[in-house]
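Coordinates in review
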Amino acid sequence: MFLLASYPILSYYKGLVGFTHAETFTIVLFFVACVREKTIAIKLPRLYKHFWIYAAISLIVTSYISGGFSVTYLVPGGISFFIWSIALGLSIRYFDFILLKKYLYIIFILASILLIGQEILYAASGSRFVPFLPLSNELAVYDISYSDLIVLRAMGPRSCSIFAEPSYFALYALPVLAIELFSTQNQGKPYTFFSFFVIFILLLLKSGVALLGLVVVVFIKFFTFFKHARRKVVLYTFLCIPIICILVSKYVSSEVGADMLARTDEFSSNNSSAYLRIIRGYIIYSQLPTINQLFGMSTDLLLKLNISDLIFSLDDSSNLYFNGVQTLLIKMGLVGLFICLRFYVNLYNNANLISTCLLWILLFYSLVDQIFLSPSMLLCTSISCSLFSGKK
């Protein structure tokens, strides 16, 4: 469970043969578990197995038809998909919610303390320390070195603690907030003191995506709370609305609030990276050959096609930066999207409140950020599968 809780952080660092530390630990633990259990030590839902089988077949067939077959495609679904699926299977097989919650809270609290320290130092001196962990000099984010990232973050306008950027911290904090608000002991409460602390950290990150994700979680909480709350509790809560409005107004008028709202404007700017992530991928998908629109294609082959709007940078990773839905459409086609949705809809139909909130968070970020096969997707999916109440 510690590996799952720390997966987002370990994924920043490259280790052996180009694998991230998270992927390396996943492979090692998988082999150790198989030797100890004397069997394939993973557990996956039936519908996810269908998705994995489809991913493996479509990658081989479409690559062969397109004339760009690689021996690495013989790994079921491709190397990244294979390791991610192994991590999911290990997480479900050895899932312990109490232990996972403990590790998530510890990492979040430590990261939050460092974030607050960064902000205090920056406000006092105009500079900040960067507590990004020195686990490797070669990083999997931004394709830069550890030392370059330290310089980048020290000079940047926002703090992000041990995470690579503020939005990544937000992606970690939102599941923590969902677990806190929707745990069994807190379902009948409109809020907890710790939930206010998580919200404070999300606002302190000054991330537009964090603000929008916070709106999603709070809306789900209020909807589920009012649905079952007693009239007196509902009345007291509504009496608090004027106070909340005043606090929101004060926050928006502050320098921090104005900065965060300015970042949400990125979604309406045709020249911004946020706009490109939301719109550009669908334009590129519409220009794919029909067979690839149905069954997908590898990103290696995509770069070889003469598609308008695809190449706008000298960095291939930037050219291939799409949101979660677009990535799934391009890599696995419309059929792959349908099979994947079938898996997640089945999870949602049998989900408890924690899983429901996590799946909504996952859906939201799939529409605005590159989350497909990410550590955040792994965390949300692992918890939702393990708390699954239906037939797997």
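The structure this text deals with has already been given above.
Here the structure is a predicted model, which means the values were calculated and not measured. (Residues numbered from 1 in each chain as written. Predicted model: local features only at pLDDT ≥ 70, side-chain atom pairs only at ≥ 80, totals over all residues. Heavy atoms only, no water.)

Here's the deal with the packing of aromatic side chains
Selection rule: Only centres within 6.5 Å qualify two rings of Phe, Tyr or Trp (six-membered ring in Trp) as a pair; their planes then separate them into stacked at under 30 degrees, edge-to-face at over 60, and tilted for everything else. Here, a charge over a ring means that NZ of Lys or CZ of Arg falls within 6 Å of the ring centre while also lying within 35 degrees of the ring normal.
In the structure shown here, the tally under the stated rule is 24 aromatic pairs. Across from the ring centre of Y122, 4.2 Å away, lies the NZ or CZ of R128, which sits over that ring.

Details of the packing of helix α18 (residues 353-368) against helix α19 (residues 375-386)
In plain terms, the rule: Simply put, an axis is a line fit to the C-alpha atoms, just over the touching stretch for a helix, and the angle between two N-to-C directions goes from 0 to 180 degrees. Helical segments are the DSSP runs of H or I of at least four residues, strand segments are the runs of E of at least two, and each set is numbered from the N terminus. Angular relationships are summarised with four words: roughly parallel below 35 degrees, roughly antiparallel beyond 145, roughly perpendicular across 65 to 115, and oblique for the angles in between. A clockwise turn of the near helix away from the far one marks a right-handed crossing, whereas an anticlockwise turn of less than a right angle marks a left-handed crossing. We call two residues in contact when some of their heavy atoms are within 4.5 Å. Residue polarity follows a fixed list, in which Ala, Val, Leu, Ile, Met, Phe, Trp, Tyr, Cys and Pro are nonpolar, Asp, Glu, Lys and Arg are charged, and the others, Gly among them, are polar.
At their nearest, the axes of α18 and α19 sit 9 Å apart, and the two run at 150° to each other. In terms of orientation, α18 lies roughly antiparallel with respect to α19. In this structure, α18 crosses over α19, and the sense of that crossing is left-handed. Only M377, C380, T381, I383 and S384 of α19 make contact with α18, whose side of the interface consists of I354, S355, L358, L359 and L362. Residue composition of the contact of α18 with α19, by class: seven nonpolar, three polar and no charged.

Looking at helix α17 (residues 324-349)
What counts, and what does not: A helix's residues, less one, multiplied by 1.5 Å, set its expected span. Working definition for bend: take the seven residues up to and ending at a residue and the seven starting at it, fit an axis to each, and measure the angle between the axes. Between N or O atoms, a polar contact is any pair within 3.5 Å; within protein, one atom must be a potential hydrogen donor and the other a potential acceptor, and residues adjacent in sequence are included only when both atoms are from side chains.
Along its 26 residues, α17 runs just 21 Å from first to last C-alpha, ending more than 12% under the 38 Å computed at 1.5 Å per residue. At M332, α17 shows its largest bend, some 120°. For α17, the capping residue at the N-terminal end is N323, with a side-chain oxygen 3.1 Å from the backbone nitrogen of V325.

Considering unusual backbone geometry
Stated formally: Per-residue accessibility, obtained with a 1.4 Å probe over protein chains only, is compared with the maximum for each type, and a residue is labelled buried under 20%, exposed over 50%, and partly exposed between these values.
Phi is positive for S161, close to 60°, though the residue is something other than glycine. Note on placement: S161 falls in the loop between α6 (146-155) and α7 (166-182). The phi dihedral of K206 is positive, around 55°, even though this residue is not glycine. Mapped onto the secondary structure, K206 falls in the loop between α8 (193-204) and α9 (208-228). We classify K206 as buried; its relative accessible area is 10%.

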